[in-house]
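Here is what each chain is made of, one letter per residue.
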Amino acid sequence: MKYLLLFFFFFSLFKIGNAQTIQGTFPQAKNTEIVVKGFEGFIEKELTKTTTDSMGNFTLAYPKTYQGAALLQIQNASSVIVLLNHENFEMQWQNLQDFNTLKFNNSKENEFFAKGIIINQEAEQKLAGLRYLLPLYKNSKTNENWLQTEIKNQEQSFVKFIERLPKGSYAKDYLTFRKFLGDLQLTNERYKELNRVKQHELAFTKIDFASDALWCSGLLKEILIGYYQVLELFQDKELIAKKSIEANEVWLKSLENQPTKQHEIAEFCFTMLEKKGLTKVSEHIALVMLNKDNCHLSDKQTDLFEQYRKLAIGKTAPNIVLENKEQRTKNEDLKSLPSKYKLVVFGASWCPQCQTDYPSLVGKYKKLKESHNLEVVYVSIDTDKNAFDEYYKEAPFVTFCDSKGWETQAAKDYHVFATPTYILLDKELKILSKIQSPEHLEAWLQANTNK
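Residues numbered from 1 in each chain as written. Predicted model: local features only at pLDDT ≥ 70, side-chain atom pairs only at ≥ 80, totals over all residues. Heavy atoms only, no water.

Engineer: What should I look at first to understand the overall build of the protein chain in this one?
Structural biologist: When helices and strands are tallied, the protein chain shows 15 helices and 13 strands. If you line up the protein chain on its principal axes, its C-alpha atoms span 90 × 75 × 45 Å. Among the 451 residues that make up the protein chain, the fraction classed as buried is 47%. Within the protein chain, contacts between residues separated by at least 24 positions form 62% of all contacts whose residues are at least 6 apart in sequence. Carbon and sulfur atoms make up 51% of the accessible area of the protein chain, which amounts to about 24000 Å² in all. Here the protein chain contributes 58 positive and 57 negative side-chain charges, whose respective centroids are spaced 4 Å apart. (Helix = DSSP H or I, 4+ residues; strand = E, 2+ residues; numbered from the N terminus. Buried < 20%, exposed > 50% of the residue type's maximum accessible area, 1.4 Å probe, protein only. Contact = heavy atoms within 4.5 Å. Areas by Shrake-Rupley, 256 points an atom, 1.4 Å probe, with all protein chains shown as cover. Lys, Arg positive; Asp, Glu negative; His and termini not counted. Charge placed at Lys NZ, Arg CZ, Asp CG, Glu CD.)

Engineer: Help me understand the environment of F26, please; the structure alone is not making it clear to me.
Structural biologist: Mapped onto the fold, F26 is located in the loop between β1 (19-25) and β2 (33-40). The exposure class of F26 is buried, given its relative accessible area of 0%. The spacing of F26 and K280 is 254 residues in sequence and 52 Å in space, taken between C-alpha atoms. Those residues within four positions of F26 in sequence are excluded, and the remaining contacts are I34, M55, G56, F58, L72, I74, M91, W93 and L96.

Engineer: When you look at helix α15 (residues 438-448) in this model, what are you seeing that I'm missing?
Structural biologist: Helical geometry note: an α-helix holds 3.6 residues per turn, so side chains three or four residues apart project in the same direction. Listed as buried for α15 are P438, L441, E442, W444 and L445. For α15, the buried positions fall inside an angular range of 165° around the axis, keeping them on one side. Tucked inside the fold, the buried residues of α15 contact β9 (341-347), α12 (352-372), β10 (374-380), β12 (421-426) and β13 (431-435). (Arc of directions from axis to C-beta.)

Engineer: In this structure, what is going on with the sheet that holds β9? I would like to understand it.
Structural biologist: Strand pairing in a sheet takes place through backbone hydrogen bonds and is either antiparallel or parallel in direction. What the 5 strands build is an open sheet, ordered β11-β10-β9-β12-β13; its pairing is mixed. A single partner strand is all that each edge strand has here, and the edge strands are β11 (398-400) and β13. Averaged over all pairs of adjacent strands, the angle between their axes in this sheet comes to 20°, without regard to strand direction. Relative to β10, β9 is paired through 7 bridges, and the arrangement is parallel. Residue pairing across strands places V344 opposite V377, the latter belonging to β10. Against the sheet, α15 engages β9, β10, β12 and β13, with an angle of about 145° to β13. (Pairing = 2+ DSSP bridges. Axes fitted to C-alpha atoms, helices over the stretch in contact; angles between N-to-C directions.)

Engineer: What exactly am I supposed to notice about the side chain of S433 here?
Structural biologist: As for its placement among the helices and strands, S433 is situated in strand β13. Each residue touching S433, except ones within four places of it in the same chain, is listed here: I313, Y422, I423, L424, H440 and W444.

Engineer: Looking at this structure, how should I read the environment of L133?
Structural biologist: Assignment of secondary structure puts L133 in helix α2 (residues 108-133). Here L133 falls in the partly exposed class, since its relative accessible area comes to 33%. Residues L133 and E144, spaced 11 residues apart in sequence, show a C-alpha to C-alpha distance of 8.9 Å.

Engineer: I keep staring at the pattern of salt bridges and nothing clicks. Help me out?
Structural biologist: Side chains that carry opposite charge are capable of pairing whenever their charged atoms lie near each other. Under the defined criterion, the tally for this structure stands at 18 salt bridges. Here K45 and E40 are joined by a salt bridge, their closest N and O atoms 3.0 Å apart. For E442, the salt bridge identified is with K367, shortest N-O distance 3.5 Å. A residue pair is termed long-range when its members are at least 10 positions apart, and E442 in helix α15 and K367 in helix α12 qualify at 75 residues. Each of E124, K179 and D183 takes part in a single network of salt bridges with overlapping partners. (Salt bridge = Lys/Arg side-chain N within 4 Å of Asp/Glu carboxyl O.)

Engineer: Help me understand the packing of helix α9 (residues 259-276) against helix α10 (residues 279-290), please; the structure alone is not making it clear to me.
Structural biologist: To describe two helices that pack against each other, one gives the angle between their axes and the distance between the axes. Contact pair α9 / α10: the axes reach a minimum separation of 8 Å and the direction vectors enclose 155°. Relative to α10, α9 is oriented roughly antiparallel. In this structure, α9 crosses over α10, and the sense of that crossing is left-handed. Of the residues in α10, those touching α9 at Q262, H263, A266, C269, F270, L273 and E274 are T279, V281, S282, I285, A286 and M289. Here the contact of α9 with α10 is built from residues that sort into 8 nonpolar, 4 polar and 1 charged. (Parallel < 35°, antiparallel > 145°, perpendicular 65-115°, else oblique. Left-handed = near helix turned anticlockwise from the far one by under 90°. Nonpolar A, V, L, I, M, F, W, Y, C, P; charged D, E, K, R; others polar.)

Engineer: I'm lost on helix α8 (residues 237-254) in this one. Help?
Structural biologist: Taking 1.5 Å per residue, 18 residues should reach 26 Å; α8 reaches 26 Å between its end C-alpha atoms and fits that length. Three or more residues of α8 are buried, namely I240, A241, K243, S244, A247, N248, V250, W251 and L252. As for α8, its buried residues are in contact with α5 (194-205), α7 (220-231), α9 and α10. At the N-terminal boundary of α8, the capping side chain belongs to D236, with an oxygen 3.2 Å from the backbone nitrogen of E238. (Expected span 1.5 Å × (residues − 1). Polar contact = N/O pair within 3.5 Å; in protein donor to acceptor, adjacent residues only side chain to side chain.)

Engineer: Would you take a moment to explain unusual backbone geometry for this structure?
Structural biologist: Excluding glycine, residues mostly carry a negative phi; peptide bonds, for their part, are mostly trans. Positive phi, normally seen in glycine, also occurs at K192, with a value near 50°. In this structure, K192 sits in the loop between α4 (170-191) and α5. Since its relative accessible area comes to 49%, K192 is described here as partly exposed. Here L429, not a glycine, exhibits a phi torsion of approximately 75°, which is positive. A relative accessible area of 2% places L429 in the buried class.

What follows is the structure, encoded as structure tokens:
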């Protein structure tokens with residue numbers, strides 16, 4: 001018994017020695033679960049969790065190895081961002097609906113974070129008023145000069161605060177990322193000015209995309225979405241593509257020695273840009289990744305990029321042999337179908353999104369077939385023949401399933417990595433569009449049929 005107690009004592013010391021603690025009291029969250037989640041690029045990961053006692057007291061132990069932002073989630077209540085950087089600290093939150101009642105003790109990082117947010121918010125409020133007044137005083141040189149000087153002072157207030165933060169402070173990095181993201185959002189939502197976009201371009205080139213500080217910030221996804229979105233303010237399609245490819249080059253170069261991170265951003269940006277219709281920009285990513293000598297892509301990533309390289313808009317899609325005797329068509333292959341438009345769909349009876357899209361596709365099929373001379377070929381990834389027969393027995397269009405799942409030849413030829421996948425072709429199998437949904441199909445046909 002004595003040795004067992006000693007074991008648990010030293011084991012407890014080992015656990016505490018490898019963790020930092022957050023202690024606190026949330027009076028409104030009694031006997032409530034609290035979870036702390038950190039970030040790894042585009043995903044959240046649970047760092048620690050506990051349950052408060054009958055008074056709302058708790059102790060959380062988070063890994064010493066984690067340095068970054070974290071989301072502290074209170075069950076059925078508010079969530080709050082906290083910064084973790086080798087500190088044992090305390091939190092007091094009297095009213096979970098009022099962030100002004102949230103207090104930190106013994107945490108310089110979270111004090112810096114809170115102060116930085118206040119400085120930035122106050123500066124932005126003052127800048128909005130100053131910029132509004134500036135054109136009103138264009139005929140008064142003295143007042144105009146004062147306003148311009150004050151605008152510069154307010155623009156520098158946050159920068160000067162960041163510069164004063166100590167080296168090694170995570171708040172220094174996090175507030176910088178958050179400020180950049182906030183500026184992007186202001187440009188996209190309020191100002192929409194090209195001179196601001198040019199400032200964002202310069203700031204974007206200075207981001208170290210290999211930095212663990214960025215990958216543990218929880219802001220990586222929003223920064224990429226916000227930056228590519230702000231480039232669309234240029235409006236000219238060729239210029240947007242040019243600027244977006246330049247953005248690709250920034251993170252590609254920054255991550256040239258970190259292939260895993262490079263692959264993750266490449267996959268995310270490729271998918272995002274495809275949905276935006278910026279095919280020239282997504283093609284740039286696909287070709288760079290596929291042509292890298294040291295690029296060890298996963299099967300999914302290879303199919304993702306190969307689908308673009310080999311199945312880019314304007315190229316000819318592979319033919320599909322419809323060899324099953326039970327097919328609902330007299331034609332033996334995709335190319336022999338006489339329709340003006342051919343929609344190839346890869347789906348499955350077990351796929352949740354397919355289950356949502358399939359009834360919509362069935363509902364629109366007759367109208368689109370009659371008005372646009374469209375045929376649909378639905379290639380199922382099902383491996384259970386009975387499940388396929390039962391689910392698609394009422395399908396009004398061509399269905400095909402050889403029960404080979406992802407190994408079906410059509411899926412391999414089209415480098416399909418997810419269901420549903422929609423590819424719209426013309427009569428000669430020229431690829432016209434990567435369709436996102438039945439609604440997108442209908443909108444595309446209505447917009448392009450009469451061109």
